[in-house]
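# Working through the structure, step by step
As a plain string of letters, each chain reads:
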Amino acid sequence: MAAKATHRRARRILGVFLPMLAIELHARRAGGEAALTTPFVLYERAENALRLVHANRFAQAAGLYPGQPLAEARALVPGLAAASAAPAADAVDFDRLAQGFLRYGPRVGVFGFGRICVEIAGSAHLFGGEAGVLSDLRARLLHLRFAARAAIADTPAAALAVAAYGVDDAEKGGRNKASANVSVSPLSSGPRGGRNPGWRGELVAAPGRGAPATSSAFAARIVPSGAVDMALDPLPVAVLDLDPNTVQLLRTLGLKTIGATRRQPRAALVKRFGKAFAARLDAACGAVFESLSPIAEPTDYSAFARTASPVMTIDAALEGARGLVADLAEKLERDDLGARRLALHLFRLDNTSHVERVDFGAPTRAPETILRLFRLKFEKGARPVDPGFGFDAFRLTAERVAPMAATQRSAIRVSKNASFLDEEAQDVRAALSRLADRLSAALGAGEVFFYAPRDTHVPERAAREAPALGAETIRTARSAWPAAVSPAGVPYRPLFLSPKPEPLQVTALAPDGPPARFIWRRVAYRVVRAAGPERLLGEWRLGEEHMRDYYRVEDACGRRFWIFREGEMGAGDMTWRLAGAFA
Amino acid sequence: MTDKDAYGRGRARRVAISKLKAQIARLEKRPPLLAPASRRDACDDAVQDPAQEPAAYWAPAFGARGALHEVRFAGLEEGAVPDHRAAAAAFGFALALSSAGARGSQAYVFIAKAHEAAGEGAFYPPGLLGLGVDPGAALYVRTRSDAEALWAAEEALRAPLHDGVGGDRNLSVILLLRATGPQVDLTATRRLHLAAGASGGQCVIARGRARDASSCAPYRWVAGPAPSNPLTDEIHGLGRPAWTVALEKGGAIRPPAVIEASTDGFILRSEAARPSFAPEGVKLAPAFAMGSV
């Protein structure tokens, strides 16, 4: 029993209920004021009819309610603004909002959409006590234009129940002696300012907006420690999150408040409503410990810094970013990760910013590598970065991360041919990947590449350019290339292949024979040796119908060329072209 | 001023100049140039005893690592403008240079300017196989300008892709610049040479027409095509790749020689001859033209 009592005293839970969250999130996404200042509803298709799921307070005042068919609502309120509900988007936004509550305590639990609990027993003093927590919360939520009810109590269930049902009553009349209303003075300035944008930066309202117009946008109540029973007693049983049938039955039996229910003999209650009901009741009152299932802190791989005075040059900015890179590298190392894409935001004094991104072929967290790549990007970028009135803040974010395991060195060489698998080749590959990153950052990703073989006999397509950036598996074994050299060491394929074969004037001894002489770029060449023809057809499946006879020819000086004759023999439209040059 | 004074001053000047030359040779990590008198002797020795191994014939230049090699395209006649059609020969010889001194694995970085691919064309990987290069072990870089090409080469040389001179892993960075502007000058080549020296990698600039032909490369070659030797099994066909090569700087002065690819490596052909890049003469209108321009 003593242990329980300790628990009860030790726990303090902040419960927050956001009644209009879906509508407010919609307004935030859609922009504009209509959803918050005029009757507005969200509807969804249920049972083949459009029914309201949320109605704002103006709509509720006009007599609209969730579950009502949209057509009926439109008839009641002409010109009603309505939009389709977006539960998926809401869930994502609510998730982000919940992340923001981590500022009040490390354990944040979510009890359904719009209901959040935070354990603040050990962290309330950071805000100047529980009233301070509520004051901070009020300022932030008002700034974000979220209507909310909050309560601090000993148990999650009680905090949420009081927040949802017991705050407005207390505000109006102060009937309940066990509770103390918090008077929260409106803050002159919002929670923005300073380097930490609240709510993880995602849901920060546009600057320049004041607090919302309604006075009842935020209400809060602190239930003193040990006074949970007294706070819960006047509340309806529905607050306990029971199934509707149980609530209906309790109401039928006349047990409308929690207090009335608790006064009944416990054995009879358990027998009538089951153990689950009794457990809910106990959890609310603190007789049974109800744990929060905490949400995880988001993995945020970013670092931020300000400078004492604005810097005017990229060099100085990069120097400022040096610390950020080290910070980020530390975070990444802690989680065995490496960055695949980094974004460096440079914030100018006049609220504009410049962002520069770099990609890495392999996960990276070496500060020098990262800085070097950014320097390259700035130096070799298409146009110089304008510092304006100077940069005064920097943010470095890892936009894509990948696991960066400790490199395993193979003890045994897998096979002689698979040379790129062995240990040395692994190092080479890593170094090559780094090099490719740097070159790609400066020259463009398409300009730095490996070649990979392609299974075709058409010479132009036999080698495929594969961008080197991120190409860890592109490097192919030598055996994958078709043998383009005779056993005696004579190459069959040229060293240079012309992208656009240029026409030749050719003199041949026989119409279907090798050329005896040809003119290329106004210079004549006398053919001394020739080998061929090697007849290659276009790929029919690609619609190429050409037929080419390739010859390897050598002139008197020893220049070796690859030339081809295209077209049907005797058809009269034969052309000779220079395909490439041999070494 | 007496004759003796003049003699003394002239001698002092010669001594100072020879000291400076020795210093430059030390900086460039090569033996000091021979005196003009002894050059002729070296030349005669070479003719009498043609070596079959290119590495021995051009020691220590052929295949030297940790250094910058410059391979000039041969001109139509000696001392003339380099001929752009010698690009394939020069590049082929650059590959020979890179594979010569290499033991263990060999990686390549090939750099060329994008707009120079017209005409004879760009690197063709299946063709590299013919010269013993693994096309998959190479990184290809296309640049827009000389400056970018030089920068990329330096980056590649400074990457830890090799174990230094004599190591198991080797890197050759080969730039193919068919025409170079003023950026490829003493300073740029100096930087490349130092980068190669610092890392033990090898850098080869195959270079055609140049605005500024000066270069800090300790080894300068001139390479042009050479008629191939017909093989017994391909009587009418072509032989193995062969080039006429002369070492202009960075070693004992030798007459130009013909180097030929063999099934394992490269050999020197015995009939070392002066390169004869005679112009083809007058253009002939074909008597029987089958093609059209």
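Residues numbered from 1 in each chain as written. Chains lettered and ligands numbered in written order. Predicted model: local features only at pLDDT ≥ 70, side-chain atom pairs only at ≥ 80, totals over all residues. Heavy atoms only, no water.

## Examining the overall build of chain A
Rules: For the purposes of this entry, the term helix denotes a DSSP run of H or I that reaches at least four residues, the term strand denotes a run of E that reaches at least two, and both are numbered from the N terminus. Only protein chains enter the area calculation, which uses a 1.4 Å probe; residues under 20% of their type maximum are buried, those over 50% are exposed, and those in between are partly exposed. Here a residue-residue contact requires only that any non-hydrogen atoms of the pair lie within 4.5 Å. Computed with the Shrake-Rupley method and a 1.4 Å probe, the accessible areas treat only the protein chains shown as cover for residues.
Helices and strands together make up the secondary structure of chain A, namely 16 helices and 21 strands. For chain A, buried positions account for 47% of its 583 residues. In chain A, 62% of the contacts between residues at least 6 apart in sequence involve partners at least 24 apart. Per element, the accessible surface of chain A, about 28,100 Å² overall, is 53% carbon and sulfur.

## Description of the sheet that holds strand 4 (residues 81–84) of chain A
Sheets are built from strands that pair by backbone hydrogen bonding, the pairs being arranged parallel or antiparallel. Residues and elements named next belong to chain A. The condition that has to hold: DSSP bridges decide pairing: two strands pair if at least two such bridges lie between them. Between N-to-C directions, angles cover 0 to 180 degrees, with each direction set by a line fitted to C-alpha atoms, over the stretch in contact for helices.
The strand order across the open sheet formed by three strands is 3-2-4, and the pairing between neighbours is mixed. If you trace the sheet from one side to the other, it starts and ends with strand 3 (49–55) and strand 4, each paired once. Averaged over neighbouring strand pairs, the angle between their axes works out to 40 degrees when direction is ignored. In this sheet, strand 4 lies alongside strand 2 (residues 40–46) in parallel orientation, the contact comprising four bridges. Within strand 4, the position partnered with V41 by the bridge is A82. The strands that helix 2 (residues 21–30) touches are strand 2, strand 3 and strand 4; relative to strand 2, the one it contacts most, it runs at about 105 degrees.

## Concerning the pairing of strand 6 (residues 115–119) of chain A
All names here are of chain A. For strand 6, the buried fraction is high: five of the five residues fall into the buried class. Across the two faces of strand 6 the burial is the same, with R115, C117 and E119 and I116 and V118 all buried. Note that strand 1 (residues 13–17) and strand 6 share five bridges and pair antiparallel. Across the sheet, the residue bridging to L14 is V118, located in strand 6. Note: strand 5 (residues 108–110) against strand 6, three bridges, orientation antiparallel. Paired with G109 across the bridge in strand 6 is C117. Here strand 5 folds back onto strand 6, and the loop between the two strands holds four residues, one of which, G112, carries a positive phi near 85 degrees.

## A look at the confidence of the model for chain A
Low-confidence regions, as indicated by low pLDDT, have predicted coordinates that should not be scrutinised in detail. Residue and element names in this part refer to chain A. Basically, it comes down to this: Each residue gets a pLDDT score, which is the predictor's confidence in that residue and runs from 0 to 100.
Looking at chain A, pLDDT values average 80 and 83% of them are 70 or higher. Ranking the helices and strands of chain A by mean pLDDT puts strand 1 first, with 93, and strand 8 (residues 180–181) last, with 43. Low pLDDT (under 50) marks residues 1–8, which in the prediction has six contacts with non-local residues, meaning those over four places away or in another chain. In the model, residues 409–422 has pLDDT below 50 throughout and makes 14 contacts with residues more than four positions away in sequence or in other chains.

## Remarks on the packing of helix 6 (residues 146–158) of chain B against helix 7 (residues 186–199) of chain B
Residues and elements named next belong to chain B. Our working definition: With respect to orientation, any angle under 35 degrees is reported as roughly parallel, any angle over 145 as roughly antiparallel, any angle of 65 to 115 as roughly perpendicular, and every other angle as oblique. Helix crossings are classified by the rotation of the near helix relative to the far one: an anticlockwise turn of less than a right angle makes the crossing left-handed, while a clockwise turn makes it right-handed. In this count, Pro and Cys sit with the nonpolar residues alongside Ala, Val, Leu, Ile, Met, Phe, Trp and Tyr, while Asp, Glu, Lys and Arg are called charged and the others, Gly among them, polar.
One way to put it is that helix 6 packs onto helix 7 with a least axis distance of 8 Å and a crossing angle of 15 degrees. As judged from the angle between their axes, helix 6 and helix 7 are roughly parallel. Handedness of the helix 6/helix 7 crossing: left-handed. Two secondary-structure elements touch here, helix 6 through L150, A153, E154, L157 and R158 and helix 7 through A188, R191, L192, A195, A196 and S199. The residue inventory of the contact of helix 6 with helix 7, partitioned by class, reads seven nonpolar, one polar and three charged.

## Observations regarding helix 6 (residues 87–100) of chain A
The cut-off we apply is this: What a helix should span is 1.5 Å times the count of its residues minus one.
Along its 14 residues, helix 6 of chain A runs 20 Å from first to last C-alpha, staying within 8% of the 20 Å computed at 1.5 Å per residue. Taken together, the buried residues of helix 6 of chain A touch helix 2, strand 5 and strand 6 of chain A.

## What about the interface of chain A and chain B?
Defined as follows: By definition, the buried area sums, over both parts, the 1.4 Å-probe accessible area that each loses when the two are put together. We define a salt bridge as a contact between a side-chain nitrogen of Lys or Arg and a carboxyl oxygen of Asp or Glu at a distance within 4 Å. Nitrogen and oxygen atoms within 3.5 Å of one another constitute a polar contact, given that in protein one can donate a hydrogen and the other can accept it, and given that sequence-neighbouring residues count only through two side-chain atoms.
Across the contact, 84 residues belong to chain A and 78 residues belong to chain B. Buried area between chain A and chain B, both sides added, is near 7,000 Å², and the carbon and sulfur share of it is 61%. Measuring nitrogen to oxygen at the nearest pair gives 3.2 Å for the salt bridge that ties R142(B) to E447(A). One can count 16 residue pairs in polar contact (both at pLDDT 80 or more) joining chain A with chain B. At eleven residues, strand 16 (residues 496–508) of chain A tops the list of elements feeding residues into the side of chain A that touches chain B. Classifying every residue of the side of chain A that touches chain B gives 52 nonpolar, ten polar and 22 charged. Across two bridges, strand 16 of chain A lies against strand 3 (residues 122–123) of chain B in antiparallel orientation. Opposite F496(A), over in strand 3 of chain B, you have F123(B) as the bridge partner.

## A look at the pairing of strand 9 (residues 218–222) of chain A
Residues and elements named next belong to chain A. Within strand 9, five of the five residues are buried, which leaves the element mostly enclosed by the surrounding structure. Taken together, the five bridges between strand 7 (residues 148–153) and strand 9 define a ladder with parallel strand orientation. Within strand 9, the position partnered with A151 by the bridge is R221.

## Comments concerning the packing of helix 12 (residues 266–273) of chain A against helix 13 (residues 275–285) of chain A
Residues and elements named next belong to chain A. Their axes nearest at 6 Å, the elements helix 12 and helix 13 cross at an angle of 125 degrees. In this view, helix 12 runs oblique relative to helix 13, as classed from their interaxial angle. In contact with R266, L269, V270 and F273 of helix 12, helix 13 contributes K275, F277, A278 and D282. Class assignment for the residues of the contact of helix 12 with helix 13 results in five nonpolar, no polar and three charged.

## A closer look at the environment of R521(A)
Residue placement: R521(A) occurs in the loop between strand 17 (515–520) and strand 18 (523–537). Classification of R521(A) by relative accessible area gives partly exposed; the value is 43%. Each C-alpha atom, one on R521(A) and one on E502(A), is 8.6 Å from the other, the two residues being 19 residues apart in sequence. Those residues in contact with R521(A), other than ones at most four positions away along the chain, are E502(A), H84(B), A118(B) and G119(B). Within the local environment of R521(A), its side chain forms a polar contact with the side chain of E502(A), the two groups lying 2.8 Å apart.

## Let's talk about the packing of aromatic side chains
The condition is simple: Two rings from Phe, Tyr or Trp (for Trp, the six-membered ring) form a pair when their centres sit within 6.5 Å of each other. Planes less than 30 degrees apart are called stacked, planes more than 60 degrees apart edge-to-face, and all others tilted. By the criterion adopted, a ring carries a charge over it if an Arg CZ or a Lys NZ lies within 6 Å of its centre and within 35 degrees of its normal.
The tally for this structure, following the rule as stated, stands at 32 aromatic pairs over all chains. Relative to F110(B), the ring of Y108(B) has its centre 5.3 Å away and its plane inclined at 20 degrees; by these criteria the two rings are stacked. Residue Y108(B) is classed as buried on the basis of its relative accessible area of 3%. For F110(B), a relative accessible area of 0% translates into the label buried. What links up through ring pairs into an aromatic cluster is the set F449(A), Y451(A), F496(A), F91(B), Y108(B), F110(B), F123(B) and Y140(B). Looking at R272(A), its charged tip hangs above the ring of F273(A), at a distance of 5.7 Å from the centre. Over the ring of F496(A) we find R178(B); its NZ or CZ atom is 4.8 Å from the centre of that ring.

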